[in-house]
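Listed below, chain by chain, are the residues.
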Amino acid sequence: MIECKCIWCSRSYPSVTFNKLAHSIPQSLLGKHICKNVCDECNHYFGTWNNKKPPIEVALREVFIISQTRFLKATDDVGKNKTMARPKSEYFDIDHRKMKLELKKSKTRFDSDFKYKLTRQFKRGFYKMYLEELERQMGTAHSSQYDFIREFARYDLNDLPLFYFYKSWGVIAATEETFKNPSLEMDKEMKMMYLVSESRYFNEFEFIGHTFSVATHQNWKYHFQSYQSHSLELKREFYRGMKAIDSLFDIDLALRVFD
């Protein structure tokens, strides 16, 4: 039996158990990949309410479900007995005809900070996916280099940026399979030419029709300007800019660029 060691809390059996399947990408987004080095306690944490904040995995689903179903709807994979059901959102009112959405007033009526909380949970969730996919694909997530990510994603400490890139036009360099079984591609050779892959401080991904960048070193701030210039130069034919996400509405949630 291979001994597992959790990438989040650094504990092993019998201090913790590893009985549950830890999906690096939420099952609600059709994720199938499993990260074996996530203990049951940490796995449970990402799927539950903590300190009156929405579950991290729910925040991920809420952001990506409309993009995913919009693409699969075009391939007739949404509906009864299909790949996934027509999406129902806990936090957004969705106009499927106009592909518009807004935060439900009932969620902010008694919690003025709900929009901020949901955004932070989403950012933590993306870093959660990143570290678990890094471990699954490369086996390197235990490195102390990523302690700052553990502090943010698992223990809700400090803050980390999540950058979003705005497409110039509606083109997705992805196959149908990337929507039916999403992942964060770590192999540099498999990434598109306009994605920065050699940086020690940032890593870029296309995920369910969107393009994001995460910080991969705690000293990312000192290298951001040179990285930004390089990244935008690579993308100048395909993208019109980038932004550090402050609100979920900084993201083209419904992929309106395709309208």
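Here the structure is shown first, and the text comes after it.
In short, a report on the structure.

Rules used in this analysis
Residues numbered from 1 in each chain as written. Predicted model: local features only at pLDDT ≥ 70, side-chain atom pairs only at ≥ 80, totals over all residues. Heavy atoms only, no water. Helix = DSSP H or I, 4+ residues; strand = E, 2+ residues; numbered from the N terminus. Buried < 20%, exposed > 50% of the residue type's maximum accessible area, 1.4 Å probe, protein only. Core = buried A, V, L, I, M, F, W, Y, C linked by side-chain atoms within 4.5 Å. Contact = heavy atoms within 4.5 Å. 1 Å grid on protein atoms, 1.4 Å probe; cavity = no way out; pocket = protein on both sides within 12 Å on 5 of 7 lines; lining within 4 Å. Points joined across faces, edges and corners; volume = space filled by probe spheres on them. Pairing = 2+ DSSP bridges. Axes fitted to C-alpha atoms, helices over the stretch in contact; angles between N-to-C directions. Phe/Tyr/Trp six-rings, centres within 6.5 Å; stacked < 30°, edge-to-face > 60°. Lys NZ or Arg CZ within 6 Å of the ring centre and 35° of its normal. Salt bridge = Lys/Arg side-chain N within 4 Å of Asp/Glu carboxyl O.

**Observations concerning unusual backbone geometry**
Residues apart from glycine generally show negative phi values, whereas peptide bonds are mostly found in trans.
Right, so step 1: That bond from Tyr 13 to Pro 14 is cis: its omega, 10°, falls within 30 degrees of zero.
Right, so step 2: Even without being a glycine, Leu 255 presents a positive backbone phi close to 50°.
Right, so step 3: The residue Leu 255 is located in the segment after strand 6 (239-244) in this model.
Right, so step 4: Residue class for Leu 255 comes out buried when judged on its relative accessible area of 4%.

**Considering the nonpolar core**
Right, so step 1: Core analysis: the largest hydrophobic core is formed by 75 residues, its most contacted members being Trp 8, Phe 64, Phe 122, Phe 126, Tyr 130, Phe 212 and Ile 251.
Right, so step 2: Excluding anything up to four places from it in sequence, Phe 64 contacts Leu 29, Phe 122, Phe 126, Met 129, Phe 207, Ile 208, His 210 and Phe 212.

**As for the layout of surface pockets**
Right, so step 1: A volume near 290 Å³ is recorded for the second largest pocket.
Right, so step 2: If you go around the second largest pocket, you meet 17 residues; those closest to its centre are Tyr 130, Tyr 146, Lys 188, Ser 199 and Asn 203.
Right, so step 3: If you list the elements that add at least two residues to the lining of the second largest pocket, you get helix 4 (114-138) and strand 4 (202-207).
Right, so step 4: Per element, the largest residue contribution to the lining of the second largest pocket is three residues, and it comes from helix 4.

**A few points about the environment of Gly 241**
Right, so step 1: Inspection of the secondary structure puts Gly 241 in strand 6.
Right, so step 2: Taking the C-alpha atoms as reference, Gly 241 lies 7.7 Å from Lys 167; in sequence the two are 74 residues apart.

**Overview of the sheet that holds strand 5 (residues 210-215)**
Right, so step 1: Sheet architecture is open: four strands sit in the order 4-5-3-6, paired in antiparallel fashion. Among the strands making up the open sheet, the edge pair consists of strand 4 and strand 6. Across the sheet, the mean angle from the axis of one strand to that of its neighbour is 25°, orientation sign disregarded.
Right, so step 2: Here six bridges tie strand 4 to strand 5, and the two strands are oriented antiparallel to one another. The partner of Glu 206 across the bridge, within strand 5, is Thr 211.

**Overview of the packing of aromatic side chains**
Right, so step 1: Taken as a whole and assessed by the stated rule, the structure comprises 28 aromatic pairs.
Right, so step 2: When the centroid spacing of 6.1 Å and the interplanar angle of 85° are considered together, the rings of Phe 126 and Phe 207 count as edge-to-face. One end of the pair, Phe 126, is in helix 4; the other, Phe 207, is in strand 4, and 81 residues separate them in sequence.
Right, so step 3: Overall, Phe 207 belongs to the buried group, its relative accessible area being 1%.
Right, so step 4: Cluster of aromatic residues (ring-pair linked, three or more members): Phe 64, Phe 122, Phe 126, Tyr 164, Tyr 166, Phe 207 and Phe 212.
Right, so step 5: The ring of Phe 46 carries Lys 128 above its face, with NZ or CZ at 5.7 Å from the centroid.
Right, so step 6: The positively charged end of Lys 235 is found above the aromatic ring belonging to Phe 165, 4.6 Å away from the centroid.

**Quick word on the pattern of salt bridges**
Right, so step 1: For the structure on display, the rule yields 15 salt bridges.
Right, so step 2: A salt bridge links Arg 11 to Glu 41, with the nearest nitrogen and oxygen atoms 3.0 Å apart. With Arg 11 in the segment before helix 1 (40-46) and Glu 41 in helix 1, the pair connects residues that are 30 residues apart, well separated along the chain.
Right, so step 3: The partly exposed category is assigned to Arg 11, whose relative accessible area is 29%.
Right, so step 4: Between Asp 246 and Lys 243 there is a salt bridge, and its shortest N-O distance comes to 3.1 Å.
Right, so step 5: The network of salt bridges with shared partners includes Lys 53, Arg 120, Lys 123, Arg 124, Asp 156 and Asp 159.

**Focus: the environment of Ile 251**
Right, so step 1: Relative to the assigned elements, Ile 251 resides in the segment after strand 6.
Right, so step 2: If we ignore the near neighbours within four places in the chain, the residues touching Ile 251 are Val 63, Phe 122, Tyr 164, His 210, Phe 212 and Ile 245.

Remember that the coordinates give geometry; whether it matters functionally is a separate question.
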